[in-house]
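# Remarks on the overall topology
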Amino acid sequence: MSTTVNRQILLAEKPTGKLGPEHFRMVEGAIPELSEGEVLLRVRYISLDAANRAWMQSATYRSAVEANSVMAGGGLAEVVASKAASLAVGDIVFGDTGWQDYAAAPAKQFTKLPKIEPMTHLLSIYGVAGLTAYFGLLEIGKPKAGDTVVVSAAAGSVGSIVGQIAKIKGCRVIGIAGGKDKCHWVTNELGFDAAVDYKDGGVFKALRAAAPDGIDVYFDNVGGDILEACLPLMKNFGRIACCGAVSQYDAAPPAHGPRGVPGLIVVKRLLVQGFIVMDFMDRREQATADLLGWVSSGQLKVQEDVIDGLENTPQALIGLLAGENRGKRMVRV
Ligand SMILES: NC(=O)c1ccc[n+]([C@@H]2O[C@H](COP(=O)([O-])OP(=O)(O)OC[C@H]3O[C@@H](n4cnc5c(N)ncnc54)[C@H](OP(=O)(O)O)[C@@H]3O)[C@@H](O)[C@H]2O)c1
């Protein structure tokens, strides 16, 4: 990486169907100048998130990413120059750095992080993925020992942590993932009790066999057909934590929604609640302490999938949407 040139990846065009490399373009420019209150960041790791694709569709919990702008994305970065009192050179921060070598932005848009090794854990287990799993499962799923917990995208960054926390809480855990290898991994390596390969067809039947007494908690990362398969299997007073809908992100028009809504929700008295991890950030310290404890004791395994090179970021996202990743995918810049 040059120290005088800032490489940036733009969203060249908004996809109308599946995301492809043609939707991105790399440009080179000068390293930005700082205004008062801003910091200059050298981006170290870019977080690849399924939501990156959803941001191209329309406004979500943030504004949409528009064509010909730097592709938005969370990143871990080091402060290399500062005109803000709150951040000093050498500090490590997290925020929307975008897909580029350097970012200049107001310091208040970034969160200062502790220096830990490996640094990548600040994006995975102690970052958005770990905190999403922690708060979504514990605050909305409210699992009790003995409950049956189902999680989709189970081998992904959020799902792999959800299942392990549910095991720590004494639950019976069923993961739903694409392909035999991922199913084998979540049961044999992560300790889930069972796994359903949704690409093998017949998700409802396979889930019913894996959870013959029904589901207490469904942590939904995918929406669509898998949510539809889970609904009839929910126990009365079950909880569905709606975390995301990755099955709907990389297509146009969006797939049909689940049937059985609201009928099954009423009859089964389900709690169905969406959440955004940012809502819980004031309790981050407690969550991080718990996660640290579980990682240190070996109860929680951290899986990271690090890809080298800013230029490979578009393909890394395309691959994530196709299910290439296990655990937290990120790009080392
Ligand atoms: N609410 C929040 O605050 C919050 C925060 C972070 C993330 N999220 C959500 O959490 C979910 C996971 O995101 P992530 O960034 O951690 O990604 P991830 O789980 O690491 O990767 C996405 C995975 O989704 C699976 N997938 C792709 N298409 C699918 C489909 N049609 N049906 C079922 N599974 C499919 C793929 O695995 P397979 O090989 O198994 O298909 C892929 O590996 C997303 O819905 C995201 O929006 C929400």
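Shown above is the structure to which this text applies.
Reading the values: rules and limits
Residues numbered from 1 in each chain as written. Predicted model: local features only at pLDDT ≥ 70, side-chain atom pairs only at ≥ 80, totals over all residues. Heavy atoms only, no water. Helix = DSSP H or I, 4+ residues; strand = E, 2+ residues; numbered from the N terminus. Rg over C-alpha atoms; globule rule 2.2 N^0.38 Å. Buried < 20%, exposed > 50% of the residue type's maximum accessible area, 1.4 Å probe, protein only. Contact = heavy atoms within 4.5 Å. Areas by Shrake-Rupley, 256 points an atom, 1.4 Å probe, with all protein chains shown as cover. Lys, Arg positive; Asp, Glu negative; His and termini not counted. Charge placed at Lys NZ, Arg CZ, Asp CG, Glu CD. Axes fitted to C-alpha atoms, helices over the stretch in contact; angles between N-to-C directions. Parallel < 35°, antiparallel > 145°, perpendicular 65-115°, else oblique. Nonpolar A, V, L, I, M, F, W, Y, C, P; charged D, E, K, R; others polar. Pairing = 2+ DSSP bridges. Near = heavy atom within 4 Å. Polar contact = N/O pair within 3.5 Å; in protein donor to acceptor, adjacent residues only side chain to side chain. Salt bridge = Lys/Arg side-chain N within 4 Å of Asp/Glu carboxyl O. Arc of directions from axis to C-beta.

## So, the overall build of the protein
The number of helices and strands found in the protein is 9 helices and 16 strands. Its C-alpha radius of gyration of 20 Å places the protein within 12% of the 20 Å reference for a compact globule of 333 residues. Dimensions of the protein, computed from the C-alpha atoms along their principal axes, are close to 60 × 45 × 35 Å. Residues counted as buried form 53% of the 333 residues belonging to the protein. Sequence-distant contacts in the protein: of pairs separated by 6 or more residues, those separated by 24 or more amount to 68%. Accessible area of the protein: about 14,400 Å², with a carbon and sulfur share of 53%. Charge-centre separation for the protein: the mean point of 34 positive side chains lies 5 Å from the mean point of 35 negative side chains.

## Examining the packing of helix α1 (residues 50-57) against helix α9 (residues 313-321)
Taken N-terminus to C-terminus, the directions of α1 and α9 make an angle of 100°; their axes are 8 Å apart at the nearest point. As summarised for this structure, α1 and α9 are arranged roughly perpendicular, according to the angle between their axes. Between α1 and α9, the contacting residues are A50, N52, R53 and M56 on the first element and L317, L320 and L321 on the second. A class-by-class count of the residues in the contact of α1 with α9 yields 5 nonpolar, 1 polar and 1 charged.

## Looking at the sheet that holds strand β12 (residues 215-220)
Strand pairing in a sheet relies on backbone hydrogen bonds. The paired strands run either parallel or antiparallel. Reading across the sheet, the 6 strands line up as β11-β10-β9-β12-β13-β14 and stay open at both edges, with parallel pairing between neighbours. Two strands close off the open sheet at either side, each with one partner strand: β11 (194-197) and β14 (271-274). The sheet shows a mean angle of 15° between the axes of neighbouring strands, taken without regard to direction. Pairing analysis gives 4 bridges linking strand β10 (residues 172-177) to β11, with the strands arranged parallel. Bridge pairing in β11 places I176 opposite V196. Most of the contacts of helix α3 (residues 157-168) go to strand β9 (residues 148-152), to which it runs at about 170°, and overall it touches β9, β10 and β12.

## Things to note about unusual backbone geometry
Only a minority of non-glycine residues have a phi that is not negative, and only a minority of peptide bonds are not trans. Cis geometry is adopted by the peptide bond preceding P118, which originates at E117 and carries an omega value of -10°. Assignment of secondary structure puts P118 in the loop between β8 (111-113) and α2 (128-141). Residues V261 and P262 are joined by a peptide bond in cis, for which omega reads 5°. Checked against the element boundaries, P262 lands in the loop between β13 (234-242) and α7 (263-267). Backbone geometry at N68 places phi at a positive 70°, although glycine is not the residue there.

## Overview of the site of the ligand
The immediate surroundings of the ligand are formed by 29 residues, with S157, K182, Y198, Y249 and N325 found nearest. A distance of 2.8 Å is found between an oxygen atom of the ligand and a backbone nitrogen or oxygen belonging to G178. V277 is positioned with one of its backbone polar atoms (N or O) 2.8 Å from an oxygen atom of the ligand. For the shell around the ligand, the elements supplying multiple residues, two or more each, are α2, α3 and α9. When its residues are assigned to classes, the shell around the ligand shows 17 nonpolar, 10 polar and 2 charged.

## A closer look at the pattern of salt bridges
Applying the stated criterion to the full structure yields 19 salt bridges. The residue E66 makes a salt bridge to K14 at a minimum N-O spacing of 3.5 Å. Pair noted here: E66 is in the loop between α1 and β4 (69-70) and K14 is in the loop between β1 (5-11) and β2 (24-30), with a separation of 52 residues, a long-range link. Overall, E66 belongs to the partly exposed group, its relative accessible area being 44%.

## A closer look at the sheet that holds β2
Here 3 strands make up an open sheet; going across it, the order is β2-β1-β4 and the pairing antiparallel. Unpaired on one side and paired on the other, β2 and β4 mark the two borders of the sheet. Sheet topology note: the β1/β4 ladder contains 2 bridges and is antiparallel. Looking across to β4, one finds that L10 is bridged to V70.

## What to know about the side chain of K268
Among the secondary structure elements, K268 is positioned in the loop between α7 and β14. Contact partners of K268, with chain neighbours within four places excluded, come to L231, P232, M234, K235, N236, F237 and G238.

## Quick notes on helix α4 (residues 180-188)
Of all the residues in α4, the buried ones are K182, C183, W185 and V186. The buried side chains of α4 occupy one side of the element, clustering within an arc of 160° when seen end-on. Across α4 from its buried face, at more than 90 degrees, point the exposed residues K180, D181 and N188. Along its buried surface, α4 packs onto α3, β10 and β11.

## Observations regarding the packing of α2 against helix α8 (residues 284-296)
Axis separation between α2 and α8 bottoms out at 10 Å; the angle between their running directions is 100°. In this view, α2 runs roughly perpendicular relative to α8, as classed from their interaxial angle. Contact with α2, carried on its side by G130, L131, Y134 and F135, involves R284, Q286, A287, T288, D290, L291 and W294 of α8 and no other residues of that element. Residues of the contact of α2 with α8, tallied by class, amount to 6 nonpolar, 3 polar and 2 charged.

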